[in-house]
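Understanding the architecture of this molecule
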Protein chains: 2
Amino acid sequence: MLLFEEVRPVFSMLRSFSARARSIRHGTSGRLRVMSTPPLGNTVAPVALARFLKDRPDVSVAYDVRRLEHVIEAVQSGAADVGLAIALERHPSVNVEILSRTHMVALVPKDHPVSGRQEVTVSDLFEHGFIGLEAESRMGQMLRDAFDREGIDYEPRVEVRYCATAAVLAGAGVGAAVVDPYSAAHQSLQGLVQLPFQPPREVAAVLITRKGIPRSRLLHGFIAELKRAAGDVF
Amino acid sequence: MLLFEEVRPVFSMLRSFSARARSIRHGTSGRLRVMSTPPLGNTVAPVALARFLKDRPDVSVAYDVRRLEHVIEAVQSGAADVGLAIALERHPSVNVEILSRTHMVALVPKDHPVSGRQEVTVSDLFEHGFIGLEAESRMGQMLRDAFDREGIDYEPRVEVRYCATAAVLAGAGVGAAVVDPYSAAHQSLQGLVQLPFQPPREVAAVLITRKGIPRSRLLHGFIAELKRAAGDVF
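The name given to chain A in an unreviewed UniProt entry is DNA-binding transcriptional LysR family regulator, and the organism recorded there is Rhizobium soli.

And the structure:
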C-alpha cells in the first residue's frame, strides 16, 4: 500500500505523457517555426497564424520576418519548419510551392498628379518623380526592366531597399511607388490610391519547405491556413 | 567669332556648375543618405522626409530601413549621412543624440480579456498568453526584465524578433504584445487597443551621426525636420 502511494505519481506522469504524445500526433500540440520575408510576413502569414492558433492552445510558435537569404538558409538547415517569400519561382536547395500569383501595383499619394488615372505607367513615374527600389532585389530588377522595355531612363528621386519601405514613404506623401501587392496591402491606404502598374510585372507568393522531409500534422495545419489566407488578402 | 561660338558652351557649363555649387552650399541640392531601424524608419523619418523634399526639388535621397548593427556601421563608415534608432543611449564609435523619450506600450486585440483595462501588467500577459520578443534585442531584454522584476515566468505563446512583427501579429488577433510606441504607431489600430504597460520601460528615439564630421546644410535641414516630426507622431 505504501509502495503503491510512492508509485502513484508515475502513473499520472505516464498518463500526461501519453496525452501529450497523442496531441503532438494529432497536430494540436508542439512548436512551429515560421520564417517569412516582409511582404507575406506582414499580411497573409499573420492572418493564417491567428486562425491556426485559435483551436490549438498547446501550440507555441517562433515567428520571424527576415530577408530572403535568411529564410532559405533557415528552411534548408531545418531551423525553420516553413518559409514564405515572393518572386522566387524555384531554388536548387529547397522546395518552392506557389500559393498565388498577382502583379506589382502603383501606390500614389491622393494629391499626386496621376492619382486620378486608370493605371500608372513608367512615363508617368519618369515625369513626376518616384520612389525606386535598389537594383540588388528581384523587385528592383523587375522595375528597371519595365523602364528598359519602354526605353525610359530609370531615375528615382528616393531609392529604398524594400517594397515595405517604399510603401511607407508613399503613404507619408514622399511620392509614387511601385511595389508588390502584399506590401501595398500592409500599408494603410489612408491618403493613398492603389492603381494597376503598366507594363504588368507578375509576382508569385510562395511556400518554402525542406527537401526530403515529411510534413508534420502541425505543419499541414498551418499550410492549410496559409492557403486559405492567401486567397483572402485580396 | 567662330572661336567664341566654340567656347560658348563652356560658359553655359560654368554657369550651370556654379549654380549647382551654390545650391549645394545652400542645402537645396545634392544627395542625402538616411538609414534607420524599423520603428523610426516607418514613422517619424518618412514624415520628416516628405516635408524635407517638398521644398528641395533638386535633392535625391537613399533611404534604407535596416537592423541596428547595419545602421551604426553605415554611419561610422560614412556610407550613411545620418542614422536613426531607438533604445540606444550611447555608442563608442558614433555620436548619439536623443530626439525624444517615451515608453513601451501594450497592443491588445479588442476582443482580448484585458482590452478594457486602464493598463496592462506582466501578470495580465502571463495569465492570457502574449507575443514575446527575442532575448537578443534590447526590447526583448527590457520585456524580460519587467517579468523578472515581478517574479513572473516569461513564457510567450509566440516569439518574434522585431517589435514591428509583434505589432502586426497583435493586429491580426494573435494576442497581446508589448512594443515600442513607434512600432505601435505604425500599426493600424483597427481592431487593436493601445494601453500603458506596467512596469514602465523607457525608450529613447535617437539620431546617430559620424564622429568628427561637420554636418552639411542638407543634413541640418533634414535633422530639423526629424526633430519636428518626432514631436508630431504622438
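Attention now goes to the relation of the copies chain B and chain A. Under the fitted operation, chain B is carried onto chain A by 0.0 Å of movement along the axis and a turn of 180°, and the coordinates agree to an RMSD of 0.1 Å. The two molecules are tied by a two-fold rotation axis, judged by turn and shift. Using C-alpha coordinates, one finds that chain B approaches the rotation axis most closely at B:Ser188, a distance of 3.5 Å. Interface residue correspondence from chain B to chain A reaches 100%, placing this contact among same-surface, isologous pairings.

Let's shift gears to the environment of B:Leu219. All names here are of chain B. For Leu219, the position within the fold is in helix α9 (residues 217–232). Overall, Leu219 belongs to the buried group, its relative accessible area being 7%. Leu219 sits 188 residues away from Arg31 along the chain, and the two C-alpha atoms are 9.7 Å apart. In contact with Leu219, other than residues within four places in its own chain, are Leu32, Asp81 and Val82.

Right, let's talk about the sheet that holds strand β8 (residues 158–160) of chain B for a bit. Taking strand neighbours across the sheet as the criterion, the 11 strands line up as β4(A)-β11(A)-β3(A)-β1(A)-β2(A)-β8(B)-β7(B)-β9(B)-β5(B)-β10(B)-β6(B) in an open arrangement whose pairing is mixed. Strands with a single pairing partner mark the edges of an open sheet, and in this sheet they are β4 (95–103) of chain A together with β6 (120–121) of chain B. Bridge count for β4(A) against strand β11 (residues 202–209) of chain A is eight bridges, and the pairing is antiparallel. Following the sheet pairing, A:Arg101 is matched in β11(A) by A:Ala204. This element, helix α4 (residues 68–77) of chain A, spans β1 (29–36), β3 (82–86) and β11 of chain A of the sheet and lies at about 150° to β3(A).

Residue and element names in this part refer to chain A. A cis amide bond links Gln198 to the next residue, Pro199, at an omega of 0°. Here Pro199 shows up in the loop between β10 (192–198) and β11. Backbone geometry at Ala87 places phi at a positive 55°, although glycine is not the residue there. Here Ala87 shows up in the loop between β3 and β4. The exposure class assigned to Ala87 is buried, which follows from its relative accessible area of 6%.

Before going further, it helps to spend a moment on the sheet that holds strand β4 (residues 95–103) of chain B. Spatial strand order, β6(A)-β10(A)-β5(A)-β9(A)-β7(A)-β8(A)-β2(B)-β1(B)-β3(B)-β11(B)-β4(B): 11 strands in an open sheet with mixed pairing. Across the chains shown, the open sheet's two edge strands, defined by having one partner strand only, are β6 (120–121) of chain A together with β4 of chain B. On top of the sheet, α9(B) reaches β1 (29–36), β2 (58–65), β3 (82–86), β4 and β11 (202–209) of chain B; it is set at about 45° to β1(B), its chief contact.

By secondary structure assignment, the location of A:Arg161 is in the loop between β8 (158–160) and α7 (163–171). Residue classification places A:Arg161 among the buried residues on the basis of a relative accessible area of 18%. There is a polar contact of 3.1 Å between the side chain of A:Arg161 and the side chain of B:Asp64. With near-sequence residues (within four places) excluded, A:Arg161 lies in contact with A:Arg67, A:Glu134, A:Ser137, B:Tyr63, B:Asp64 and B:Arg66.

Moving on: the packing of aromatic side chains. All names here are of chain B. Here the structure, examined in full by the defined rule, presents eight aromatic pairs over all chains. Judged by centre distance (5.1 Å) and plane angle (20°), the ring pair of Phe130 and Phe147 falls under stacked. Separated by 17 residues along the polypeptide, Phe130 in strand β7 (residues 130–133) and Phe147 in helix α6 (residues 138–150) bring together distant segments of the chain. In this pair, the class of Phe130 matches that of Phe147, namely buried.

Contacts between the two partners involve 34 residues from chain B, matched on the other side by 34 residues from chain A. Between chain B and chain A the total buried area reaches about 2,500 Å² when both faces are included, carbon and sulfur atoms providing 54% of it. Sorting the residues of chain B by area buried against chain A places B:Tyr63, B:Arg157 and B:Val168 first, and these three jointly supply 22% of that buried surface. Remark: the boundary between chain B and chain A carries two salt bridges. Two residues, A:Arg161 and B:Asp64, come together in a salt bridge whose shortest N-O distance is 3.1 Å. Elements with a contribution of two residues or more to the side of chain B that touches chain A: α3 (44–54), β2, β8 and α7 (163–171) of chain B. Looking at side-chain class alone, the side of chain B that touches chain A contains 18 nonpolar, seven polar and nine charged residues.

Attention now moves to the nonpolar core. Counting 131 residues, the largest nonpolar core has A:Leu49, A:Tyr63, A:Val158, B:Leu49, B:Tyr63 and B:Val158 as its most contacted members. Among residues more than four places away in sequence, those in contact with A:Leu49 are A:Val61, A:Tyr63, A:Phe222, B:Val158, B:Leu169 and B:Val174.

Opposite charge on two side chains permits them to pair, given that their charged atoms come into close proximity. Here the structure, examined in full by the defined rule, presents 24 salt bridges over all chains. A salt bridge links A:Glu97 to A:Lys227; its shortest N-O distance comes to 3.0 Å. Taken together, the positions of A:Glu97 in strand β4 and A:Lys227 in helix α9 (residues 217–232) put the pair 130 residues apart, joining distant regions of the chain. Judged by its relative accessible area of 42%, A:Lys227 falls in the partly exposed class. Residue B:Arg228 is joined to B:Glu225 by a salt bridge in which the shortest nitrogen-to-oxygen separation is 3.0 Å. In this pair, B:Arg228 and B:Glu225 are both assigned in helix α9, three residues apart and thus about one turn of the helix distant. The exposure class assigned to B:Glu225 is buried, which follows from its relative accessible area of 14%.

The rules behind the values
- Residues numbered from 1 in each chain as written.
- Chains lettered and ligands numbered in written order.
- Predicted model: local features only at pLDDT ≥ 70, side-chain atom pairs only at ≥ 80, totals over all residues.
- Heavy atoms only, no water.
- Least-squares fit on C-alpha atoms with pLDDT ≥ 70 in both.
- Contact = heavy atoms within 4.5 Å.
- Helix = DSSP H or I, 4+ residues; strand = E, 2+ residues; numbered from the N terminus.
- Buried < 20%, exposed > 50% of the residue type's maximum accessible area, 1.4 Å probe, protein only.
- Pairing = 2+ DSSP bridges.
- Axes fitted to C-alpha atoms, helices over the stretch in contact; angles between N-to-C directions.
- Polar contact = N/O pair within 3.5 Å; in protein donor to acceptor, adjacent residues only side chain to side chain.
- Phe/Tyr/Trp six-rings, centres within 6.5 Å; stacked < 30°, edge-to-face > 60°.
- Buried area = accessible area lost by both parts, 1.4 Å probe.
- Salt bridge = Lys/Arg side-chain N within 4 Å of Asp/Glu carboxyl O.
- Nonpolar A, V, L, I, M, F, W, Y, C, P; charged D, E, K, R; others polar.
- Core = buried A, V, L, I, M, F, W, Y, C linked by side-chain atoms within 4.5 Å.

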